[in-house]
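Listed here are the chains, written in short residue letters.
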Amino acid sequence: MNLVLSQRSLWMWRKIKIMNKTNYYMQIALEQAKQVKGEIPGGAVIVRNDDIISYAYNTKENDKYVTSHAEIIAIKNASKVLNNWRLEDCDLYVTLEPCPMCGWAILQSRIKNLYFGSYDSQYGAFSVAHLDKISDSKIKIYGGICEKECDNMLEDFFNNLRT
């Protein structure tokens, strides 16, 4: 009986540790998103072996360039750091579910795990377009991480836009 309890305790400890780590990296993505001025607040963080190797936020309006989404910028920077376009051992944390453009870049870069906060019910690459179903990618996708905080940030942005 004690063996079962200790195995269960170990499992719970691992689950809590993973949740805490996931929330920690998502908080960094949220901090990136808070730096956005005048456009949809989106932040991204790429992690490899528990080290942050890249982070970015949306700059599409500022750059006047359509691909300046946080995910694309973070992938580009991570590829430079690793000197490789294959990001197979990397995890991506992003505040909003990626759009199809970013989703395909994520799949092509071979990111191992994707964690996102808010679901995008109109343009979500994975919850709406299901890009992962038309690809042979082995990516694992986890949505709803710090979802309330991410949703609130987006709601605040759109409310301020309307006033």
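Thresholds applied
Per-chain numbering applies: the sequence of each chain, read as written, is numbered from 1 onward. Only residues with pLDDT of 70 or above have their local features reported here, since the model is predicted, and side-chain atom pairs are shown and tallied only from 80 upward, although totals for entire chains, interfaces and linings are computed over all residues. Excluding hydrogens and water, the side-chain values take into account all heavy atoms of the structure. Each helix corresponds to a stretch of at least 4 residues labelled H or I by DSSP, and each strand to a stretch of at least 2 residues labelled E; elements are numbered beginning at the N terminus. Any two residues whose heavy atoms approach within 4.5 Å are treated as being in contact. Here, Shrake-Rupley sampling with a 1.4 Å probe gives the accessible areas, and only protein chains in the shown set may cover a residue. Here, a strand pair is defined by DSSP locating no fewer than two bridges between the strands. Only C-alpha atoms enter the line fits that serve as axes; for helices the fit covers just the stretch in contact. Angles between N-to-C directions range over 0 to 180 degrees. By salt bridge we mean one thing: a side-chain nitrogen of Lys or Arg within 4 Å of a carboxyl oxygen of Asp or Glu. For every residue, the accessible area obtained with a 1.4 Å probe (protein chains only) is divided by the maximum for its type, and the residue is called buried under 20%, exposed over 50%, and partly exposed between those limits. To qualify as a nonpolar core, a set must consist of buried Ala, Val, Leu, Ile, Met, Phe, Trp, Tyr and Cys residues joined through side-chain atoms within 4.5 Å. The predictor reports its confidence for every residue as pLDDT, a score running from 0 up to 100. Note on terminology: pairs of cysteine sulfur atoms within 2.5 Å are recorded as disulfides.

Enquirer: How would you sum up the overall build of the protein chain? Please name residues and give values.
Expert: A tally of helices and strands in the protein chain yields five helices and five strands. Going from the N terminus to the C terminus, the protein chain shows its helices and strands as α-β-β-α-α-β-α-β-β-α. Considering only contacts in the protein chain between residues 6 or more positions apart, those separated by 24 or more positions represent 59%. Of the accessible surface of the protein chain, which amounts to about 10000 Å², a share of 52% is contributed by carbon and sulfur atoms.

Enquirer: Could you give me a rundown of the sheet that holds strand S5 (residues 140-142), with the residues and numbers involved?
Expert: Spatial strand order, S2-S1-S3-S4-S5: five strands in an open sheet with mixed pairing. Two strands in the sheet have a free side with no partner beyond their single neighbour: strand S2 (51-57) and S5. Ignoring strand direction, the axes of neighbouring strands in this sheet form an average angle of 15°. With six bridges connecting them, strand S1 (residues 43-48) and S2 associate as antiparallel partners. Paired with Gly43 across the bridge in S2 is Tyr57.

Enquirer: How would you sum up the pattern of salt bridges? Please name residues and give values.
Expert: This model, assessed by the stated rule, comprises four salt bridges. Measuring nitrogen to oxygen at the nearest pair gives 3.2 Å for the salt bridge that ties Glu31 to Lys34. We note a salt bridge from Arg110 to Glu88, for which the minimum N-O separation is 3.6 Å. Residue Arg110 is located in the loop between helix H4 (100-108) and strand S4 (113-118), and its partner Glu88 is located in the loop between helix H3 (70-82) and strand S3 (90-96); the two are separated by 22 residues in the primary sequence. Using a relative accessible area of 42% as the deciding quantity, one classes Glu88 as partly exposed.

Enquirer: Go over the nonpolar core, please, and point to the residues and values.
Expert: Grouped together as the largest cluster of nonpolar side chains are 21 residues, with contacts concentrated most on Ile46, Leu87, Leu92, Ile106, Ile111 and Leu114. Where this core is concerned, the elements lending two or more residues are S1, S2, H3, S3, H4 and S4. Counting 14 residues, the second largest nonpolar core, distinct from the first, contains Ala29, Leu30, Val45 and Met153.

Enquirer: A description of the confidence of the model for the protein chain should follow, citing residues and the corresponding values.
Expert: The predicted model of the protein chain has a mean per-residue pLDDT of 90, with 88% of residues at 70 or higher. In the model, residues 1-6 has pLDDT below 50 throughout and makes zero contacts with residues more than four positions away in sequence or in other chains.

Enquirer: Outline the state of the cysteines, supporting the account with residue identities and numerical values.
Expert: Tallied over the full model, the rule gives zero disulfides. Not engaged in a disulfide, the cysteine Cys102 finds its nearest cysteine sulfur in Cys99; these two sulfurs lie 3.7 Å apart. On the accessibility criterion, Cys102 (0% relative accessible area) is buried.

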